Amino acid sequence: MPKVDLRPSKCPVCGTEGNAGELYPANFGMEAFNPEVFSARRLPDRVHYRIVRCSGCGLVRSDPAAGPETLSELYSRSTLEYGAEIPALKATYGRYLEKASRYSGRKGALLEIGCGSGFFLEEALRMGYAEAMGVEPSAAAAEQAVPSVRAGIRVGMMGPGLFENGRFDIACMFQVLDHMPDPAALLDQVRAALRPGGLVLVLNHDVESFSSRLLGEGSPIVDIEHTFLYGVGTLTRLMESRGFSVREAGPALNSYSLNYLARLLPLPAPLKKAAAGALAASGLGRLRMTVPLGNMYLIAQRPADREPGGGS
Ligand SMILES: [Zn+2]
């Protein structure tokens, strides 16, 4: 188990510590800090930090929470559990990439933060992007990448100077931003890595969605992996506070296999097992459905630089 450095967290929009109302008290034990818990797409354990809502801007965050050193160690040792969901994730993320691409004149260089095994980098190349690079803290995940994308993956955390400034036409973050301990610093690094007019595509959980409001503390997104919980309004404010112009944002539709959806059903375990068995036996489980399940997307743009001497 790593040394856990719990510390007060700060609202990245307002820059304030404290100044927040408690939504749910903490319910985790120190055993939660292991790489299995901090692995991609595992089933949620329903453990979380103390959850608060900023009195200034409404952003929901964990406070106190583990700092960057702890998270960096946990994610570097985490593993990958996407498994059979990769075709459905490619379909979902690809659909939003196509949407974002409409704001850009070109399909040039793409960067994905938290690219896992690089399956989305493959999809971006298939969609016509000239170049696809990624950053991924888990070496085990990056090792699973196919040779066509492996060379473009840097193992580690996104940091200043990792990529040449202005190199990328678009940066993508899928179910990543809500895990980040310092989203303001990360967005500044992303902005620097983008060319003027470059785009950011974000897709993550939506704490303002109907399912999240209905389930409250019982929602699977209220989880120790999520340092921040965004909604369309609060993510828009965060992006604007880091100098981006938000082009569009709203609830996201995800594609899932019936196998995956069956795991989410609020049924007793034996019934769930029976349903999963029937789906697998019939082959129906691989069918894909596109449904709104509490996610949101946002497309933002780094403003074009002003003409030298052109300002007043
Ligand atoms: Zn705030």
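Each chain carries its own residue numbering, running from 1 in the direction its sequence is written. This being a predicted model, a pLDDT of at least 70 is required before a residue's local features are given, and a value of 80 or more before pairs of side-chain atoms are given or counted; all residues contribute to the totals for chains, interfaces and linings.

Participant: I'm lost on the overall build of the chain in this one. Help?
Facilitator: A tally of regular secondary structure across the chain gives 10 helices and 13 strands. Computed over the C-alpha atoms, the radius of gyration of the chain is 19 Å, within 12% of the 20 Å expected from 2.2 N^0.38 for a compact globule of 312 residues. For the chain, the spread of C-alpha atoms along the three principal axes comes to 70 × 45 × 35 Å. Any residue whose C-beta has 12 or fewer other C-beta atoms within 10 Å is treated as exposed, any with 20 or more as buried, and any in between as partly exposed, C-beta atoms being built from the backbone. For the chain, the proportion of its 312 residues judged to be buried stands at 39%. Taking the intrachain contacts of the chain between residues at least 6 apart in sequence as the baseline, contacts between residues at least 24 apart amount to 76%. Going along the chain from the N terminus, every DSSP run of H or I of four or more residues is numbered as a helix, and every run of E of two or more is numbered as a strand. In this setup the radius of gyration rests on C-alpha atoms only. A globule is expected at 2.2 Å times the number of residues raised to 0.38. We call two residues in contact when the distance between their C-beta atoms, placed using the backbone, is within 7 Å.

Participant: It is not clear to me how the sheet that holds strand β4 (residues 60-62) should be interpreted in this structure. Could you clarify?
Facilitator: Note: strands within a sheet are paired through backbone hydrogen bonds, in either parallel or antiparallel orientation. A sheet is described by the order of its strands in space; here four strands give the open sequence β2-β3-β4-β11, paired in antiparallel fashion. Two strands bound the open sheet, and with one partner strand each, they are β2 (20-24) and β11 (228-229). Pairing geometry for strand β3 (residues 51-54) and β4, over three bridges, is antiparallel. Bridging across to β4, Val52 finds its partner in Arg61. A pair of strands is considered paired only if DSSP assigns at least 2 bridges between the two.

Participant: Mind showing me how you'd approach the pairing of β3 here?
Facilitator: Regular strands place side chains that alternate from one sheet face to the opposite one. Summarising the sheet, β2 and β3 pair through four bridges and their orientation is antiparallel. Directly across from Glu22, in β3, lies its bridge partner Val52. Hairpin connection, β3 to β4: the antiparallel pair is bridged by five residues, and Gly58 has positive phi, about 90°.

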